[in-house]
Amino acid sequence: MKAVLIASLTAAAAAFAPSAMAQDFSLGYDVDRFPAKVLSLPACRAALAKGAAAVGYTTRVNQDQKTLVVHVSAPPGDGRSLVSYCVSAGDQTVFLIQAFDYTQPDSPKVDGVKARVALEVRKAAGR
C-alpha cells in the first residue's frame, strides 16, 4: 500500500516538473505515517507550510480536498521546488515530501529542504 501511494503521488508530482529539465534534476523525499489522533490533516498541512517558509519557500498551492492536502512551494526564481502531500488513510495520516532541484543532479540542497520540512511535520506529531 505504501509503495503504491508513493508511486501515485510521485507520478502526480511529475506534472509540476519542467519538462525541458526533466533529465537533470535532484530529488529528495521523505514519507512517514502517524495515527490520525496524533497528526491530523490540518496539523500536517500547517506543518508543511511552516517548514516550507522556514527554508524560504513561497507557497504556490495549498489545497485541502478533505482526505488529501497538496502543498507546492518554491523559492523565487531558483529552479527548486517542494511538492508535499498529507493523506488521510483510515486512522492514519500519511505525509510525503518531495524536494526537487532542477539546477543540478545530486544536489545536496534537496536533502536539507526535505529534512527541514519533515522535521516540522514530525514535531506536529509530537516526535
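Sequence order as written defines residue numbering, which begins from 1 separately in each chain. This being a predicted model, a pLDDT of at least 70 is required before a residue's local features are given, and a value of 80 or more before pairs of side-chain atoms are given or counted; all residues contribute to the totals for chains, interfaces and linings. As a rule here, side-chain values cover all heavy atoms of the structure and leave hydrogens and water aside.

Caption draft 1: Examining the state of the cysteines more closely. Any cysteine sulfur atom paired with another within 2.5 Å is treated as part of a disulfide. Counted under the stated rule, the structure contains one disulfide. Put simply, C44 and C86 are joined by a disulfide, and their sulfur atoms are 2.0 Å apart. Looking down the S-S bond of the C44 and C86 bridge, the torsion is -80°, so its handedness is left-handed. Remark: C86 occurs in strand β4 (residues 80-89) and C44 occurs in helix α2 (residues 41-54); sequence separation between them is 42 residues. With a 1.4 Å probe rolled over the protein chains alone, any residue whose accessible area is under 20% of its type maximum counts as buried; one over 50% counts as exposed, and the rest are partly exposed. According to the relative accessible area criterion, C44 is buried, its value standing at 0%. Look at C86 and you get buried, because its relative accessible area is 0%. Starting at the N terminus, helices and strands are each numbered in turn, a helix being any DSSP run of H or I of at least four residues and a strand any DSSP run of E of at least two.

Caption draft 2: Inspection of unusual backbone geometry at higher detail. Phi is positive for K66, which is not a glycine, with a value near 75°. The residue K66 is located in the loop between β2 (58-64) and β3 (68-74) in this model. A relative accessible area of 74% places K66 in the exposed class. Positive phi is not limited to glycine here, since D106 has a value of about 55°. Mapped onto the secondary structure, D106 falls in the loop between β5 (92-101) and α3 (109-124). A residue is classified by how much of its surface remains accessible, and D106, at 73% relative accessible area, is exposed.

Caption draft 3: Structural context of the pattern of salt bridges. In what follows, salt bridge is the name for a side-chain nitrogen of Lys or Arg lying within 4 Å of a carboxyl oxygen of Asp or Glu. In total, this model carries seven salt bridges according to the counting rule given. In this structure, E120 engages K123 in a salt bridge whose closest nitrogen and oxygen atoms are separated by 3.4 Å. Of this pair, E120 and K123 are both found in helix α3, three residues apart, which corresponds to roughly one turn of the helix. Through salt bridges that share partners, K50, R116, E120 and K123 make up one connected network.

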